[in-house]
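# Close look at the chain arrangement
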Amino acid sequence: MSDANHARRTAVYLLDQVLGEGRLLAECYAAGALEKLAPEDRARAQRLAAETLRSLERADRVLKKHLKKTPPLTVMNALRLGTVELCSGGAAHGVVNAMVAIVSRHRRHGQLKGLVNAVLRKVAEEGPAEWAKLRTPRLPNWLRKPLVQAWGAEAMLGMEAAHYAGAPLDVTGKPDADLSALGGVLLPTGSVRIAAAGQVSSLPGFEAGDWWVQDAAAALPARILNVQPGEQVLELCAAPGGKTMQMAAAGAKVTAVDISENRVARLRENLERTGLEAELITGDALEQTGQYDAVLLDAPCSATGTIRRHPDLPQAKDGSEFGGLIELQAQMLAHAWSLVKPGGRLMFCTCSLLPDEGECQVEEALDMFPDMTADREALNLPGVEPAWITEEGGLRLRPDYWATDGGMDGFYMALLRKSA
Ligand SMILES: C[S@@+](CC[C@H](N)C(=O)[O-])C[C@H]1O[C@@H](n2cnc3c(N)ncnc32)[C@H](O)[C@@H]1O
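Bear in mind the structure is a predicted one, so any value in this text is a computation, not a measurement. (Residues numbered from 1 in each chain as written. Predicted model: local features only at pLDDT ≥ 70, side-chain atom pairs only at ≥ 80, totals over all residues.)

As a matter of local geometry, the ligand sits amid 18 residues, with Cys237, Ile259, Ser260, Ala285 and Asp298 nearest to it. Of all the secondary structure elements, the ones that give two or more residues to the shell around the ligand are helix H11 (242-249) and strand S6 (253-258). Class assignment of the residues belonging to the shell around the ligand gives a composition of ten nonpolar, three polar and five charged. (Near = placed C-beta within 6 Å. Helix = DSSP H or I, 4+ residues; strand = E, 2+ residues; numbered from the N terminus. Nonpolar A, V, L, I, M, F, W, Y, C, P; charged D, E, K, R; others polar.)

And the structure:
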(Lines give C-alpha, C1' and ligand atoms only; values in the text may rest on other atoms or scores of the structure.)
Protein backbone atom coordinates (compact mmCIF):
# COMPACT_ATOMS: atom_id res chain seq x y z
CA MET A 1 0.00 0.00 0.00
CA SER A 2 1.22 3.48 -0.84
CA ASP A 3 2.53 5.50 2.13
CA ALA A 4 3.57 9.09 1.40
CA ASN A 5 5.41 9.41 4.71
CA HIS A 6 7.47 6.30 4.05
CA ALA A 7 8.51 7.91 0.75
CA ARG A 8 9.39 11.16 2.59
CA ARG A 9 11.36 9.29 5.27
CA THR A 10 13.29 7.51 2.56
CA ALA A 11 13.93 10.81 0.76
CA VAL A 12 15.42 12.23 3.99
CA TYR A 13 17.59 9.11 4.31
CA LEU A 14 18.78 9.58 0.71
CA LEU A 15 19.63 13.23 1.40
CA ASP A 16 21.60 12.16 4.50
CA GLN A 17 23.56 9.71 2.38
CA VAL A 18 24.37 12.19 -0.41
CA LEU A 19 25.10 15.21 1.80
CA GLY A 20 26.61 13.38 4.77
CA GLU A 21 28.37 10.38 3.26
CA GLY A 22 29.15 11.61 -0.24
CA ARG A 23 27.26 8.69 -1.81
CA LEU A 24 25.52 8.97 -5.16
CA LEU A 25 21.79 8.22 -5.34
CA ALA A 26 22.47 5.40 -7.82
CA GLU A 27 24.76 3.78 -5.24
CA CYS A 28 22.02 4.05 -2.58
CA TYR A 29 19.46 2.50 -4.94
CA ALA A 30 21.87 -0.33 -5.87
CA ALA A 31 22.37 -0.99 -2.12
CA GLY A 32 18.61 -1.46 -1.68
CA ALA A 33 17.51 1.91 -0.24
CA LEU A 34 14.15 1.72 -2.03
CA GLU A 35 13.52 -1.99 -1.54
CA LYS A 36 10.82 -1.79 1.13
CA LEU A 37 8.75 0.83 -0.68
CA ALA A 38 5.67 0.30 -2.86
CA PRO A 39 6.44 1.12 -6.54
CA GLU A 40 4.66 4.51 -6.49
CA ASP A 41 6.47 5.46 -3.26
CA ARG A 42 9.81 4.55 -4.82
CA ALA A 43 9.19 6.99 -7.62
CA ARG A 44 8.00 9.58 -5.10
CA ALA A 45 11.05 9.18 -2.82
CA GLN A 46 13.38 9.50 -5.83
CA ARG A 47 11.54 12.57 -7.08
CA LEU A 48 11.53 14.27 -3.66
CA ALA A 49 15.24 13.62 -3.08
CA ALA A 50 16.14 14.85 -6.58
CA GLU A 51 13.99 17.99 -6.30
CA THR A 52 15.47 18.84 -2.92
CA LEU A 53 19.03 18.42 -4.19
CA ARG A 54 18.24 20.53 -7.24
CA SER A 55 16.79 23.29 -5.01
CA LEU A 56 19.21 22.97 -2.09
CA GLU A 57 20.53 26.53 -2.34
CA ARG A 58 17.00 27.99 -2.41
CA ALA A 59 15.80 25.83 0.49
CA ASP A 60 18.81 26.86 2.60
CA ARG A 61 18.19 30.52 1.86
CA VAL A 62 14.54 30.30 2.89
CA LEU A 63 15.45 28.38 6.05
CA LYS A 64 18.39 30.56 7.09
CA LYS A 65 16.43 33.35 8.71
CA HIS A 66 14.34 30.92 10.75
CA LEU A 67 17.32 29.06 12.23
CA LYS A 68 19.66 30.45 14.90
CA LYS A 69 22.10 27.60 14.30
CA THR A 70 22.26 24.71 11.87
CA PRO A 71 20.55 21.62 13.34
CA PRO A 72 21.96 18.07 12.93
CA LEU A 73 22.12 17.00 9.28
CA THR A 74 19.13 14.69 9.26
CA VAL A 75 16.90 17.35 10.86
CA MET A 76 18.23 19.94 8.42
CA ASN A 77 17.41 17.57 5.56
CA ALA A 78 13.86 17.08 6.85
CA LEU A 79 13.53 20.89 6.94
CA ARG A 80 14.94 21.17 3.43
CA LEU A 81 12.57 18.58 2.04
CA GLY A 82 9.61 20.20 3.84
CA THR A 83 10.63 23.61 2.48
CA VAL A 84 10.90 22.36 -1.09
CA GLU A 85 7.48 20.72 -0.85
CA LEU A 86 5.88 23.79 0.75
CA CYS A 87 7.39 26.17 -1.77
CA SER A 88 6.32 24.07 -4.74
CA GLY A 89 2.64 23.94 -3.84
CA GLY A 90 2.50 21.26 -1.11
CA ALA A 91 -0.42 21.60 1.35
CA ALA A 92 0.95 23.22 4.54
CA HIS A 93 -0.89 21.06 7.05
CA GLY A 94 0.09 17.73 5.44
CA VAL A 95 3.73 18.63 4.82
CA VAL A 96 4.40 20.13 8.28
CA ASN A 97 2.75 17.21 10.11
CA ALA A 98 4.64 14.69 7.99
CA MET A 99 8.03 16.23 8.66
CA VAL A 100 7.29 16.58 12.40
CA ALA A 101 6.29 12.89 12.51
CA ILE A 102 9.50 11.87 10.71
CA VAL A 103 11.76 13.84 13.07
CA SER A 104 9.86 12.75 16.20
CA ARG A 105 10.69 9.11 15.39
CA HIS A 106 14.40 9.84 15.34
CA ARG A 107 16.29 8.14 18.17
CA ARG A 108 18.71 10.95 18.94
CA HIS A 109 17.01 14.05 17.58
CA GLY A 110 13.34 13.35 18.26
CA GLN A 111 13.21 16.25 20.71
CA LEU A 112 13.75 18.67 17.79
CA LYS A 113 10.26 18.01 16.45
CA GLY A 114 9.09 21.28 18.07
CA LEU A 115 11.73 23.20 16.13
CA VAL A 116 10.67 21.51 12.89
CA ASN A 117 7.05 22.38 13.55
CA ALA A 118 7.81 26.05 14.32
CA VAL A 119 10.20 26.56 11.40
CA LEU A 120 8.06 24.86 8.77
CA ARG A 121 4.97 26.77 9.85
CA LYS A 122 6.86 30.00 9.20
CA VAL A 123 8.13 28.64 5.89
CA ALA A 124 4.55 27.71 4.92
CA GLU A 125 3.51 31.34 5.51
CA GLU A 126 6.42 33.22 3.95
CA GLY A 127 8.40 30.73 1.86
CA PRO A 128 6.34 30.38 -1.33
CA ALA A 129 6.39 34.14 -2.08
CA GLU A 130 10.13 34.33 -1.38
CA TRP A 131 10.96 31.22 -3.41
CA ALA A 132 10.14 32.63 -6.79
CA LYS A 133 12.41 35.64 -6.22
CA LEU A 134 15.47 33.58 -5.36
CA ARG A 135 18.20 33.11 -7.96
CA THR A 136 18.59 29.86 -9.89
CA PRO A 137 20.71 27.53 -7.73
CA ARG A 138 24.41 27.56 -8.56
CA LEU A 139 26.89 24.72 -8.64
CA PRO A 140 29.28 24.35 -5.70
CA ASN A 141 32.53 26.24 -6.22
CA TRP A 142 34.73 23.17 -6.75
CA LEU A 143 32.88 22.59 -10.01
CA ARG A 144 31.64 26.07 -10.84
CA LYS A 145 35.14 27.54 -10.93
CA PRO A 146 36.66 25.28 -13.63
CA LEU A 147 33.46 25.47 -15.69
CA VAL A 148 33.35 29.28 -15.60
CA GLN A 149 37.00 29.24 -16.60
CA ALA A 150 36.25 26.94 -19.53
CA TRP A 151 32.96 28.38 -20.83
CA GLY A 152 32.51 31.84 -19.26
CA ALA A 153 30.11 33.22 -16.64
CA GLU A 154 27.13 33.68 -18.96
CA ALA A 155 27.26 30.13 -20.31
CA MET A 156 27.57 28.91 -16.73
CA LEU A 157 24.28 30.61 -15.82
CA GLY A 158 22.64 28.95 -18.85
CA MET A 159 23.94 25.56 -17.76
CA GLU A 160 22.73 26.12 -14.20
CA ALA A 161 19.28 27.04 -15.54
CA ALA A 162 19.28 23.76 -17.51
CA HIS A 163 20.35 21.80 -14.41
CA TYR A 164 17.51 23.36 -12.43
CA ALA A 165 14.95 22.65 -15.18
CA GLY A 166 15.85 18.93 -15.25
CA ALA A 167 15.69 16.71 -18.31
CA PRO A 168 12.89 15.38 -20.52
CA LEU A 169 12.91 11.69 -21.48
CA ASP A 170 14.74 10.99 -24.74
CA VAL A 171 14.58 7.62 -26.43
CA THR A 172 16.34 5.99 -29.37
CA GLY A 173 14.26 3.69 -31.55
CA LYS A 174 15.29 0.69 -33.58
CA PRO A 175 15.69 1.76 -37.23
CA ASP A 176 12.37 0.20 -38.33
CA ALA A 177 10.30 0.96 -35.20
CA ASP A 178 7.20 3.19 -35.32
CA LEU A 179 7.40 5.35 -32.18
CA SER A 180 4.36 7.55 -32.91
CA ALA A 181 2.35 5.99 -30.02
CA LEU A 182 4.82 7.59 -27.59
CA GLY A 183 3.42 11.01 -28.48
CA GLY A 184 6.89 12.57 -28.42
CA VAL A 185 8.68 15.02 -30.68
CA LEU A 186 11.20 13.79 -33.25
CA LEU A 187 14.43 15.77 -32.68
CA PRO A 188 16.58 16.78 -35.67
CA THR A 189 19.28 14.33 -34.55
CA GLY A 190 16.84 11.39 -34.65
CA SER A 191 15.97 10.91 -30.95
CA VAL A 192 12.36 11.11 -29.75
CA ARG A 193 11.70 13.48 -26.84
CA ILE A 194 8.83 13.00 -24.39
CA ALA A 195 8.12 15.94 -22.06
CA ALA A 196 6.17 14.27 -19.21
CA ALA A 197 6.88 10.58 -19.52
CA GLY A 198 5.82 9.01 -16.20
CA GLN A 199 6.89 5.42 -15.67
CA VAL A 200 9.18 4.34 -18.50
CA SER A 201 8.34 0.63 -18.43
CA SER A 202 4.64 1.32 -19.03
CA LEU A 203 5.19 3.42 -22.17
CA PRO A 204 4.07 1.88 -25.50
CA GLY A 205 6.75 -0.22 -27.17
CA PHE A 206 8.90 -0.72 -24.04
CA GLU A 207 7.97 -4.39 -23.52
CA ALA A 208 8.30 -5.04 -27.26
CA GLY A 209 11.83 -3.58 -27.14
CA ASP A 210 11.17 -0.99 -29.86
CA TRP A 211 13.30 1.66 -28.14
CA TRP A 212 15.58 2.42 -25.21
CA VAL A 213 16.16 5.44 -22.99
CA GLN A 214 19.12 7.53 -24.19
CA ASP A 215 19.69 11.28 -23.99
CA ALA A 216 19.82 12.98 -27.40
CA ALA A 217 23.46 13.98 -26.79
CA ALA A 218 24.44 10.44 -25.77
CA ALA A 219 22.92 9.10 -29.00
CA LEU A 220 25.29 11.15 -31.18
CA PRO A 221 28.62 9.27 -30.78
CA ALA A 222 27.22 6.10 -32.38
CA ARG A 223 25.40 8.11 -35.07
CA ILE A 224 28.65 9.86 -35.97
CA LEU A 225 30.66 6.61 -35.91
CA ASN A 226 28.07 5.34 -38.41
CA VAL A 227 28.93 1.63 -38.31
CA GLN A 228 27.96 -0.46 -41.34
CA PRO A 229 26.33 -3.91 -41.52
CA GLY A 230 28.91 -6.64 -40.92
CA GLU A 231 31.65 -4.36 -39.57
CA GLN A 232 33.64 -5.68 -36.59
CA VAL A 233 33.14 -3.14 -33.82
CA LEU A 234 34.52 -2.99 -30.29
CA GLU A 235 32.85 -0.90 -27.63
CA LEU A 236 34.91 -0.22 -24.53
CA CYS A 237 33.08 0.83 -21.32
CA ALA A 238 29.78 -0.21 -22.83
CA ALA A 239 27.24 -0.77 -20.06
CA PRO A 240 24.29 -0.28 -19.75
CA GLY A 241 24.48 -0.38 -23.54
CA GLY A 242 22.68 2.53 -25.21
CA LYS A 243 25.44 2.79 -27.81
CA THR A 244 25.87 -0.99 -28.10
CA MET A 245 22.21 -1.27 -29.06
CA GLN A 246 22.49 1.52 -31.64
CA MET A 247 25.42 -0.23 -33.31
CA ALA A 248 23.89 -3.73 -33.08
CA ALA A 249 20.66 -2.33 -34.57
CA ALA A 250 22.71 -0.95 -37.48
CA GLY A 251 23.87 -4.49 -38.26
CA ALA A 252 27.46 -4.36 -36.96
CA LYS A 253 29.09 -7.29 -35.15
CA VAL A 254 29.60 -5.67 -31.78
CA THR A 255 31.84 -6.83 -28.94
CA ALA A 256 30.92 -4.86 -25.81
CA VAL A 257 33.27 -4.67 -22.82
CA ASP A 258 32.62 -3.33 -19.34
CA ILE A 259 34.42 -3.91 -16.05
CA SER A 260 31.30 -3.97 -13.89
CA GLU A 261 29.51 -7.30 -13.57
CA ASN A 262 26.25 -5.65 -12.44
CA ARG A 263 26.29 -3.22 -15.31
CA VAL A 264 27.03 -5.98 -17.84
CA ALA A 265 23.99 -7.81 -16.43
CA ARG A 266 21.92 -4.69 -17.20
CA LEU A 267 23.39 -4.56 -20.70
CA ARG A 268 22.39 -8.22 -21.19
CA GLU A 269 18.82 -7.46 -20.05
CA ASN A 270 18.65 -4.51 -22.43
CA LEU A 271 19.78 -6.68 -25.35
CA GLU A 272 17.25 -9.36 -24.43
CA ARG A 273 14.39 -6.85 -24.25
CA THR A 274 15.29 -5.31 -27.59
CA GLY A 275 16.13 -8.64 -29.28
CA LEU A 276 19.52 -7.29 -30.38
CA GLU A 277 22.80 -9.20 -30.35
CA ALA A 278 26.31 -8.42 -29.18
CA GLU A 279 29.17 -10.38 -27.66
CA LEU A 280 29.56 -9.33 -24.03
CA ILE A 281 32.83 -9.32 -22.08
CA THR A 282 33.11 -8.47 -18.40
CA GLY A 283 36.66 -7.15 -18.19
CA ASP A 284 39.11 -4.27 -18.21
CA ALA A 285 39.19 -2.10 -21.32
CA LEU A 286 42.95 -1.84 -20.96
CA GLU A 287 43.37 -5.60 -21.31
CA GLN A 288 41.48 -6.06 -24.58
CA THR A 289 43.31 -7.23 -27.70
CA GLY A 290 42.49 -7.60 -31.40
CA GLN A 291 41.95 -5.37 -34.42
CA TYR A 292 38.61 -3.79 -35.30
CA ASP A 293 37.11 -1.75 -38.13
CA ALA A 294 35.74 0.65 -35.53
CA VAL A 295 36.15 1.19 -31.79
CA LEU A 296 33.88 3.27 -29.56
CA LEU A 297 35.34 4.36 -26.21
CA ASP A 298 32.87 5.97 -23.80
CA ALA A 299 35.46 6.53 -21.11
CA PRO A 300 34.70 6.73 -17.39
CA CYS A 301 34.59 10.42 -16.43
CA SER A 302 33.29 12.99 -13.94
CA ALA A 303 29.79 12.65 -15.53
CA THR A 304 29.39 16.40 -15.06
CA GLY A 305 27.39 16.53 -18.30
CA THR A 306 24.55 14.58 -16.68
CA ILE A 307 23.74 16.88 -13.72
CA ARG A 308 20.27 17.67 -15.14
CA ARG A 309 19.35 14.08 -14.38
CA HIS A 310 21.76 13.55 -11.47
CA PRO A 311 21.50 16.59 -9.16
CA ASP A 312 23.18 14.52 -6.42
CA LEU A 313 26.51 14.55 -8.27
CA PRO A 314 27.69 18.11 -7.44
CA GLN A 315 26.59 17.64 -3.83
CA ALA A 316 28.14 14.20 -3.28
CA LYS A 317 31.46 14.78 -5.05
CA ASP A 318 34.28 17.27 -4.54
CA GLY A 319 36.46 16.96 -7.63
CA SER A 320 39.13 14.85 -5.90
CA GLU A 321 38.59 12.08 -8.48
CA PHE A 322 39.31 14.27 -11.53
CA GLY A 323 43.09 13.63 -11.66
CA GLY A 324 42.77 9.83 -11.64
CA LEU A 325 39.99 9.87 -14.22
CA ILE A 326 41.90 12.14 -16.61
CA GLU A 327 44.93 9.84 -16.42
CA LEU A 328 42.77 6.74 -16.99
CA GLN A 329 41.06 8.35 -20.02
CA ALA A 330 44.45 9.09 -21.62
CA GLN A 331 45.57 5.48 -21.09
CA MET A 332 42.30 4.14 -22.46
CA LEU A 333 42.40 6.38 -25.51
CA ALA A 334 45.94 5.24 -26.35
CA HIS A 335 45.01 1.59 -25.84
CA ALA A 336 41.80 1.91 -27.87
CA TRP A 337 43.86 3.40 -30.71
CA SER A 338 46.07 0.28 -30.76
CA LEU A 339 42.90 -1.82 -31.38
CA VAL A 340 41.86 0.11 -34.53
CA LYS A 341 42.80 -1.46 -37.91
CA PRO A 342 44.75 0.70 -40.36
CA GLY A 343 42.07 2.69 -42.22
CA GLY A 344 39.68 2.22 -39.30
CA ARG A 345 38.18 4.74 -36.87
CA LEU A 346 37.83 5.47 -33.16
CA MET A 347 34.99 7.36 -31.51
CA PHE A 348 36.22 8.85 -28.23
CA CYS A 349 33.55 10.34 -25.97
CA THR A 350 32.83 11.38 -22.38
CA CYS A 351 29.71 12.77 -20.68
CA SER A 352 31.81 15.51 -19.10
CA LEU A 353 31.75 19.30 -19.24
CA LEU A 354 35.44 19.58 -18.43
CA PRO A 355 37.80 20.19 -21.39
CA ASP A 356 40.44 18.11 -19.57
CA GLU A 357 38.19 15.08 -20.14
CA GLY A 358 37.42 15.92 -23.78
CA GLU A 359 39.13 18.54 -25.94
CA CYS A 360 42.50 18.21 -24.14
CA GLN A 361 42.52 14.41 -24.38
CA VAL A 362 42.02 14.52 -28.14
CA GLU A 363 44.50 17.37 -28.64
CA GLU A 364 47.17 15.32 -26.84
CA ALA A 365 46.31 12.13 -28.74
CA LEU A 366 46.57 14.00 -32.08
CA ASP A 367 50.05 15.19 -31.03
CA MET A 368 51.08 11.72 -29.95
CA PHE A 369 49.85 9.61 -32.90
CA PRO A 370 51.00 10.76 -36.36
CA ASP A 371 48.52 8.35 -38.03
CA MET A 372 45.51 9.98 -36.30
CA THR A 373 43.27 12.67 -37.81
CA ALA A 374 40.03 14.14 -36.50
CA ASP A 375 37.14 13.86 -38.98
CA ARG A 376 35.25 17.17 -38.87
CA GLU A 377 33.02 16.39 -41.84
CA ALA A 378 31.38 13.51 -39.97
CA LEU A 379 30.14 15.98 -37.36
CA ASN A 380 27.93 17.85 -39.84
CA LEU A 381 24.61 16.34 -38.86
CA PRO A 382 21.12 17.86 -38.82
CA GLY A 383 20.57 19.56 -35.44
CA VAL A 384 24.31 20.06 -34.82
CA GLU A 385 25.40 23.72 -34.95
CA PRO A 386 28.73 24.35 -36.73
CA ALA A 387 29.76 26.48 -33.69
CA TRP A 388 29.75 23.36 -31.51
CA ILE A 389 32.68 21.92 -33.51
CA THR A 390 35.90 22.54 -31.63
CA GLU A 391 39.36 23.67 -32.66
CA GLU A 392 40.90 20.18 -32.58
CA GLY A 393 37.94 18.77 -34.55
CA GLY A 394 35.65 17.34 -31.86
CA LEU A 395 32.05 18.14 -30.94
CA ARG A 396 31.26 19.95 -27.69
CA LEU A 397 27.70 19.65 -26.39
CA ARG A 398 26.43 21.52 -23.34
CA PRO A 399 23.21 21.46 -21.30
CA ASP A 400 22.44 25.08 -22.25
CA TYR A 401 22.19 24.12 -25.96
CA TRP A 402 18.66 23.66 -27.39
CA ALA A 403 17.65 25.82 -24.40
CA THR A 404 14.06 26.41 -25.49
CA ASP A 405 13.48 22.80 -26.57
CA GLY A 406 14.40 20.94 -23.38
CA GLY A 407 18.22 21.05 -23.52
CA MET A 408 20.63 18.15 -23.84
CA ASP A 409 23.27 16.46 -21.70
CA GLY A 410 26.81 17.78 -21.72
CA PHE A 411 29.03 15.57 -23.89
CA TYR A 412 32.26 15.61 -25.84
CA MET A 413 33.00 13.37 -28.81
CA ALA A 414 35.55 13.11 -31.61
CA LEU A 415 35.79 10.75 -34.57
CA LEU A 416 39.45 9.83 -35.06
CA ARG A 417 40.56 8.18 -38.32
CA LYS A 418 43.66 6.01 -38.68
CA SER A 419 45.65 6.25 -41.89
CA ALA A 420 45.48 3.12 -44.09
C1 LIG B 1 29.95 6.41 -19.22
S2 LIG B 1 29.65 4.79 -18.67
C3 LIG B 1 29.31 3.95 -20.17
C4 LIG B 1 27.95 4.19 -20.79
C5 LIG B 1 27.68 3.29 -21.99
N6 LIG B 1 28.70 3.43 -23.01
C7 LIG B 1 26.32 3.53 -22.63
O8 LIG B 1 26.24 4.16 -23.68
O9 LIG B 1 25.33 3.06 -22.08
C10 LIG B 1 31.28 4.25 -18.29
C11 LIG B 1 31.42 2.77 -18.03
O12 LIG B 1 32.82 2.48 -17.90
C13 LIG B 1 32.94 1.30 -17.15
N14 LIG B 1 34.36 1.16 -16.77
C15 LIG B 1 35.06 1.87 -15.85
N16 LIG B 1 36.34 1.48 -15.83
C17 LIG B 1 36.47 0.51 -16.78
C18 LIG B 1 37.55 -0.28 -17.24
N19 LIG B 1 38.78 -0.15 -16.73
N20 LIG B 1 37.30 -1.18 -18.21
C21 LIG B 1 36.07 -1.33 -18.73
N22 LIG B 1 35.00 -0.61 -18.32
C23 LIG B 1 35.20 0.30 -17.37
C24 LIG B 1 31.93 1.53 -16.03
O25 LIG B 1 31.55 0.31 -15.42
C26 LIG B 1 30.78 2.21 -16.77
O27 LIG B 1 29.80 1.27 -17.14
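Let us now look at the environment of Val12. Within the secondary structure, Val12 is located in helix H1 (residues 4-21). Val12 sits in the buried class, given 27 other C-beta atoms within 10 Å. In this structure, the C-alpha to C-alpha distance between Val12 and Leu286, residues 274 residues apart in sequence, is 40 Å. What Val12 contacts, discounting residues up to four positions off in sequence, is Thr74, Asn77, Ala78, Leu81 and Ile102. (Buried ≥ 20, exposed ≤ 12 C-beta atoms within 10 Å, placed from the backbone. Contact = placed C-beta atoms within 7 Å.)

Per the UniProt record, "domain: SAM-dependent MTase RsmB/NOP-type" (unreviewed entry) is found at residues 131-419. End C-alpha atoms of residues 131-419 are separated by 58 Å, and the span's content is 29% helix alongside 21% strand. (UniProt positions renumbered as here; feature names shortened; annotations may be inferred.)

Our next topic: the sheet that holds strand S4 (residues 211-213). Within a sheet, each strand pairs with its neighbour through backbone hydrogen bonds, oriented either parallel or antiparallel. One open sheet holds the four strands; their spatial order is S2-S3-S1-S4, and the pairing between them is antiparallel. Looking along the sheet, the strands with just one partner apiece sit at the ends: strand S2 (185-186) and S4. Of the strand pairs in this sheet, S2 and strand S3 (residues 192-194) are connected by two bridges, and their pairing is antiparallel. Following the sheet pairing, Val185 is matched in S3 by Arg193. (Pairing = 2+ DSSP bridges.)

This part is about the domain arrangement of the protein. Here the protein is described as being made up of domain 1 (4-131) and domain 2 (169-418). Relative placement of domain 1 and domain 2: their C-alpha centres are 35 Å apart. Counting residues at the interface gives eleven residues for domain 1 and six residues for domain 2. When contributions to the side of domain 1 that touches domain 2 are tallied by element, the ones reaching two or more residues are H1 and helix H3 (39-54). When residues of the side of domain 1 that touches domain 2 are assigned to their parent elements, the largest contribution, four residues, is made by H3. Looking at the side of domain 1 that touches domain 2 residue by residue, the class counts come to eight nonpolar, one polar and two charged. (Domains from an automatic or database assignment.)

Working note: α-helix, 3.6 residues per turn, so residues spaced by three or four point in the same direction. Among the eight residues that make up H11, eight are buried, leaving the element largely enclosed by the rest of the structure. Among the residues making up H11, those that are buried are Gly242, Lys243, Thr244, Met245, Gln246, Met247, Ala248 and Ala249.

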